[in-house]
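Analysis of the macromolecular model
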Amino acid sequence: MAIPKVDLCRLDPSSPGWASARATVTVSMVEHGCVVVACDALGAELRRALFERCMPELFEFPAETKQRNVSADSALRGYVGKLPGLDFESFNVAEITEPRSVRDFSSIFWPHGNPEFCDTVISFVSNLLELEHTVEKMTLEGLGVREETIAAHRQTLTHSLRLSHYGVPEESKMGVTLPRHTDPSFTTAIVQHEVEGLEVQAKDGSCWITIPPEADTITIIAGDLLTVVTNGRVPACVHRVKTASNRERFSVLFTVVAKNGAVLSAMDELVDPDHPLMYNPLKIDEYMLFRYSEEAFKLSDPLEEFCGVHKSGSSTE
Ligand SMILES: O=C(O)CCC(=O)C(=O)O
Ligand SMILES: [Fe+2]
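Residues numbered from 1 in each chain as written. Chains lettered and ligands numbered in written order. Predicted model: local features only at pLDDT ≥ 70, side-chain atom pairs only at ≥ 80, totals over all residues. Heavy atoms only, no water.

The name an unreviewed UniProt entry gives the chain is 2-oxoglutarate-dependent dioxygenase DAO, with Panicum virgatum as the organism. The heading Sequence similarities (unreviewed entry) in the UniProt record of the chain holds the text "Belongs to the iron/ascorbate-dependent oxidoreductase family." Recorded in UniProt under Function (unreviewed entry), the annotation for the chain is "2-oxoglutarate-dependent dioxygenase essential for auxin catabolism and maintenance of auxin homeostasis in reproductive organs. Catalyzes the irreversible oxidation of indole-3-acetic acid (IAA) to the biologically inactive 2-oxoindole-3-acetic acid (OxIAA)." (UniProt positions renumbered as here; feature names shortened; annotations may be inferred.)

So, in structure tokens, the structure goes:
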């Protein structure tokens, strides 16, 4: 099984192909909780600058330097070092659409500046922001959400960047370098480069579907927060990283998350007698604390446990 690829190259709402692309994006998001798009968001030169120069240089710095990528909000939004049994490390930079955030991050490593790094990341972010807007608009419009609701939803969003490095997988782990999970985001755009890894679980849980690292494609997966606002129409994508070819791997992720203090609830258009409310309103600060707790790590569906109507309905009766 493969996830079909949707061509969004040179497409805007006035293009003749918009409506059919929108329908395909919506079906893929509803069926798989993800969509693979062919797009011109990343040219060959931007890709090379990012993956062949910026990423290797960044991960070569010593651990003491890397650990200076922290966040005022929460340690979870900074550098995640190698955990026992997991040769995975990652930087997370919050509020990435602010050029100041890119410069502050780069100055940890290059106190005298690194214009190539900053320009590469700023171009990447601006292109991915546009792509993410398009996919979000298509998905929500395709589900029948009104323009005003989409505009109000945008006010709750902020964006972050995740730069990840995976070492050669241990033999005992069968190539799995990041175990099965969903993301606590609205959406995550995942850019792979040359080395395979991303796999999404089929809706019925029967198999893992490999997303090949093709140069012109970007995968956008739905996280828990999109499930809440779409009242369960878009399932959070269950995914993992498995590099069967046992190679080192880099990936870059552009993540759409909720602003601190946001309270998310299902969009009005998506709740009706045929689609009763599935999730109670979710306070993002509380959810993030819960998601990174030891308790939540053990759960197969932390969102349902946290705010599922079915679950809390039965416990408060
Ligand atoms: O590297 C990838 O392809 C996906 C990483 C991922 O799922 C994550 O960091 O949450
Ligand atoms: Fe993920």
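A word on the overall build of the chain. Looking only at helices and strands, the chain features eleven helices and 13 strands. Relative to the globule expectation of 20 Å for 317 residues, the C-alpha radius of gyration of the chain, 19 Å, shows essentially globular dimensions. Taken along its principal axes, the extent of the C-alpha atoms in the chain is 60 × 50 × 40 Å. Burial statistics for the chain: of 317 residues in total, 50% are counted as buried. Just so you have it, the chain exposes about 14900 Å², and 54% of that area is on carbon and sulfur atoms. Separation of charge centres in the chain, based on 29 positive and 46 negative side chains, amounts to 2 Å. (Helix = DSSP H or I, 4+ residues; strand = E, 2+ residues; numbered from the N terminus. Rg over C-alpha atoms; globule rule 2.2 N^0.38 Å. Buried < 20%, exposed > 50% of the residue type's maximum accessible area, 1.4 Å probe, protein only. Areas by Shrake-Rupley, 256 points an atom, 1.4 Å probe, with all protein chains shown as cover. Lys, Arg positive; Asp, Glu negative; His and termini not counted. Charge placed at Lys NZ, Arg CZ, Asp CG, Glu CD.)

Looking now at the coordination of the iron ion (ligand 2). For the iron ion (ligand 2), the full set of protein donor atoms is His181 (NE2), Asp183 (OD) and His239 (NE2), at a range of 2.1 to 2.2 Å. Linear spacing of the donor residues for the iron ion (ligand 2) on their chain is H-x1-D-x55-H. Linking Asp183 in the loop between β5 (176-181) and β6 (187-192) with His239 in strand β10 (residues 239-242), this pair joins segments that are 56 residues apart in sequence. (Donors = N, O, S within 2.8 Å, 3.2 Å for Na, K, Ca; no water.)

Side-chain direction in a regular strand flips from residue to residue, so the side chains alternate between the two faces of the sheet. By the criterion of burial, strand β11 (residues 249-258) is predominantly enclosed, with ten of the ten residues buried. Of the two faces of β11, the one carrying Arg249, Ser251, Leu253, Thr255 and Val257 and the one carrying Phe250, Val252, Phe254, Val256 and Ala258 are both buried. Pairing between strand β4 (residues 157-166) and β11: ten bridges, direction antiparallel. Residue pairing across strands places Leu157 opposite Ala258, the latter belonging to β11. (Pairing = 2+ DSSP bridges.)

Take the pairing of β6 next. The buried fraction of β6 is high, at six of six residues. Side chains of β6 alternate between two faces, with Thr187, Ala189 and Val191 and Thr188, Ile190 and Gln192 buried alike. In this sheet, strand β9 (residues 217-222) lies alongside β6 in antiparallel orientation, the contact comprising four bridges. By the bridge assignment for β9, Ile190 is matched with Thr219.

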